[in-house]
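Here are the chains, one letter per residue:
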Amino acid sequence: MASQEINNLQNSFQRAVNLSGSSGAVSTSPTQSFMDTLPRRMSVSNKAKALKPFSTGDMKILLLENVNATAVSIFEDQGYQVEFHKSSLPEEELIEKIKDVHAIGIRSKTKLTANVLKHAKNLVSIGCFCIGTNQVDLKYATHAGIAVFNSPFSNSRSVAELIIGEIISLARQLGDRSIELHTGAWNKVSNRCWEVRGKTLGIIGYGHIGSQLSVLAEAMGMHVLYYDTVTIMALGTARQVPTLDELLNNSDFITCHVPATPETKNMLSAPQFAAMKEGAYVLNASRGTVVDIPALIQAFKVGKIAGAALDVYPSEPGKNGAGAFSDDLNPWASELISLPNIILTPHIGGSTEEAQSAIGVEVAASLTKYINEGTSVGSVNFPEVSLRSLDYDQENTVRVLYIHHNVPGVLKTVNNILSNHNIEKQFSDSKGDIAYLMADISNVDQSDIKNVYDELNQTDAKISIRLLY
Ligand SMILES: NC(=O)C1=CN([C@@H]2O[C@H](COP(=O)(O)OP(=O)(O)OC[C@H]3O[C@@H](n4cnc5c(N)ncnc54)[C@H](O)[C@@H]3O)[C@@H](O)[C@H]2O)C=CC1
Ligand SMILES: O=C(O)CCC(=O)C(=O)O
């Protein structure tokens, strides 16, 4: 067997460990009794050395973008090697580092493109410590057998609260008054300052954030309209409108809460600004691709809109620091910052202590369960597959994790290979082009493990294999 293959084989064996501190922690492979027999089993032949179980201490996790300390401590408790960086990395450095890690944790800045991922030979999983996953080439990751996890709603409330704060701030021109007073200027004005009570909020995208915002806005006496591509039950007295134009024509405040997709690119551009009420306000804390900012600048300059609050931009700096938001990054930046009643924030919608610590726990737990047990529940790109845990008294049992192309005949081939053993349980599901099989097989000794691996490795449909014991 070539040394690279041996390495791959070693890397495919994962000593599973309980999630420390989690209630109902699982007992997975290897069973204690299996571990007790290990020296004897490993001395079966010289080649047996290649089958040394992959230890959690060999597991390398790269964490970027100041992922919360809760995640770091979950990974460290597992015994994983954790490399932590406060910011994202330039592409070349990222490529170097990703070559040898088993999992990576990012937020919204790190672009995991096909060009980066093709170097990630050992990567089994990506954790997006945020909601959006548009920064990852999901198609590439899926076909490479890399499971991607995110946190679907732990920062939703934080974003909704930021938007509420900004609605009032725009209506009262708070940003400008504050900047003026910081420079010593006293401007006590009421001209074009409004209460929000009785005004109409138009929410584009009534998902986790949009619907949360709806409830908060109604509590302040606002009327709520929303536009979404799917029919969603209205909360309170909010009303879904059938077209984006109807929302634009009737709203005093328009806020975007849609994902970055080809359909949402420049969803608010010149025709949409033209359709808005005179003096409307526009807010965007979704993705920088959703609002055409040069068109927004133009709409502001002709008095069509009275202000805007932007938290996201087409290009965002990779790290904090003075001078980072410049025309080099976005050619309209200096014009935008010169305009009054335009609130600009550095993508902080989800940046609260509460949200970050909850996300850290949630995504780190998902990654750990996937690495240690193969459970893909919560993955955004994999079919969600889970198997009941192994018991401590189940000896010589191996968990097979087989990710494959979703083509006919695969289960027949795989079960033929596994059927020399007792298949205790198995679960398989597919999603689009790929499928994922988990199976626990018993009566497996050391040489059997190697055979099972070799035979599965030769199957045409295989994308990747891991054996946990
Ligand atoms: N600024 C920040 O820090 C944060 C930004 N976000 C962004 O906010 C986005 C929304 O987050 P959630 O509410 O959690 O997502 P979600 O998935 O719960 O809701 C999105 C809604 O948009 C709708 N939608 C999709 N395409 C649409 C279209 N073309 N037209 C109208 N509606 C459409 C969907 O049907 C869904 O109801 C995320 O995708 C993320 O990009 C999320 C968290 C923090
Ligand atoms: O907190 C972050 O870095 C990103 C927040 C965000 O945009 C998201 O959750 O999608």
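In this numbering scheme, every chain counts its residues from 1 along its sequence in written order. Whichever chain is written first becomes A and whichever ligand is written first becomes 1, with later ones labelled in order. Residue-level local features of this predicted model are given only where pLDDT is at least 70; pairs of side-chain atoms are given and counted only at 80 or more, and the full residue set underlies all totals for whole chains, interfaces and linings. The side-chain numbers reported here are obtained from all heavy atoms of the structure, hydrogens and water having been left aside.

Defined as follows: UniProt positions are given in the numbering used here, feature names are shortened, and annotations may be inferred rather than shown by experiment.
Looking at an unreviewed UniProt entry, one finds the chain named 2-oxoglutarate reductase and attributed to Zygosaccharomyces rouxii. A UniProt comment under Function (unreviewed entry) is attached to the chain, and it reads "Catalyzes the reversible oxidation of 3-phospho-D-glycerate to 3-phosphonooxypyruvate, the first step of the phosphorylated L-serine biosynthesis pathway. Also catalyzes the reversible oxidation of 2-hydroxyglutarate to 2-oxoglutarate." Among the UniProt annotations of the chain, the heading Pathway (unreviewed entry) holds the following wording: "Amino-acid biosynthesis; L-serine biosynthesis; L-serine from 3-phospho-D-glycerate: step 1/3."

Observations regarding the domain arrangement of the chain
Definition in use: An automatic or database domain assignment supplies the start and end points of every domain. We call two residues in contact when some of their heavy atoms are within 4.5 Å. Buried area adds together the accessible area that both of two parts lose upon being put together, with accessible area traced by a 1.4 Å probe. Definition used for salt bridges: Asp or Glu carboxyl oxygen within 4 Å of a side-chain nitrogen of Lys or Arg.
Taken domain by domain, the chain holds domain 1 (60–150 + 355–373), domain 2 (156–344) and domain 3 (398–468). Its C-alpha centre places domain 1 at a distance of 31 Å from the equivalent point of domain 2. Taken residue by residue, the interface counts eight residues in domain 1 and nine residues in domain 2. Both sides of the domain 1 and domain 2 interface together cover about 600 Å² of buried area, and 51% of this is carbon and sulfur. On the domain 1 side of the contact with domain 2, K109, I131 and N134 bury the most area, a combined 57% of that side's loss. Linking domain 1 with domain 2 are one salt bridge. Close ionic contact of K109 with E316 constitutes a salt bridge, the shortest N to O distance being 3.1 Å.

Some points on the site of ligand 1
Note the threshold: Any residue with at least one heavy atom within 4 Å of a molecule or strand is counted as near it. Polar contact is defined as a pair of N or O atoms within 3.5 Å, subject to the rule that within protein one atom must be able to donate a hydrogen and the other to accept it, and that residues adjacent in sequence are counted only when both atoms are side-chain atoms. Surface accessibility in these figures is a Shrake-Rupley result with a 1.4 Å probe; residues are shielded only by whichever protein chains are displayed.
Around ligand 1, a shell composed of 26 residues is seen, among which H208, I209, D228, A285 and D311 lie nearest. R287 is positioned with one of its side-chain polar atoms (N or O) 3.3 Å from an oxygen atom of ligand 1. Between ligand 1 and G350 there is a distance of 3.1 Å, counted from an oxygen atom to a backbone nitrogen or oxygen. With the chains in place, 85% of the 860 Å² that ligand 1 exposes on its own is no longer accessible.

A look at the sheet that holds strand 5 (residues 125–128)
Filter applied, for reference: One requirement defines pairing of two strands: DSSP has to find at least two bridges between them. The helix and strand labels rest on DSSP assignments: H or I over at least four residues marks a helix, E over at least two residues marks a strand, and numbering proceeds from the N terminus. Note on definitions: angles span 0 to 180 degrees between N-to-C directions of axes, and those axes are lines fitted to C-alpha atoms, for helices only across the stretch in contact.
A sheet is described by the order of its strands in space; here five strands give the open sequence 3-2-4-5-6, paired in parallel fashion. Of all the strands in the sheet, just strand 3 (81–84) and strand 6 (147–149) have a single pairing partner and so form its edges. Adjacent strand axes in the sheet meet at a mean angle of 15 degrees, parallel and antiparallel pairs treated alike. Taken together, the three bridges between strand 5 and strand 6 define a ladder with parallel strand orientation. Its bridge partner lying in strand 6, G127 is registered against F149. Where helix 15 (residues 353–373) meets the sheet, its contacts fall on strand 2 (60–63), strand 4 (103–106), strand 5 and strand 6, and the angle it forms with strand 5 comes to roughly 170 degrees.

Examining the site of ligand 2
The condition is simple: Three classes are used: nonpolar for Ala, Val, Leu, Ile, Met, Phe, Trp, Tyr, Cys and Pro, charged for Asp, Glu, Lys and Arg, and polar for all others, with Gly counted as polar.
Within the structure, ligand 2 sits among R107, S108, C130, I131, G132, N155, R287, H347 and Q356. At 2.7 Å, a backbone N or O of G132 approaches an oxygen atom of ligand 2. A distance of 3.0 Å separates an oxygen atom of ligand 2 from a polar side-chain atom of N155. When ligand 2 sits alone it has 290 Å² of accessible area, and the protein chains cover 91% of it. Along the lines of polarity and charge, the residues of the shell around ligand 2 split into two nonpolar, five polar and two charged.

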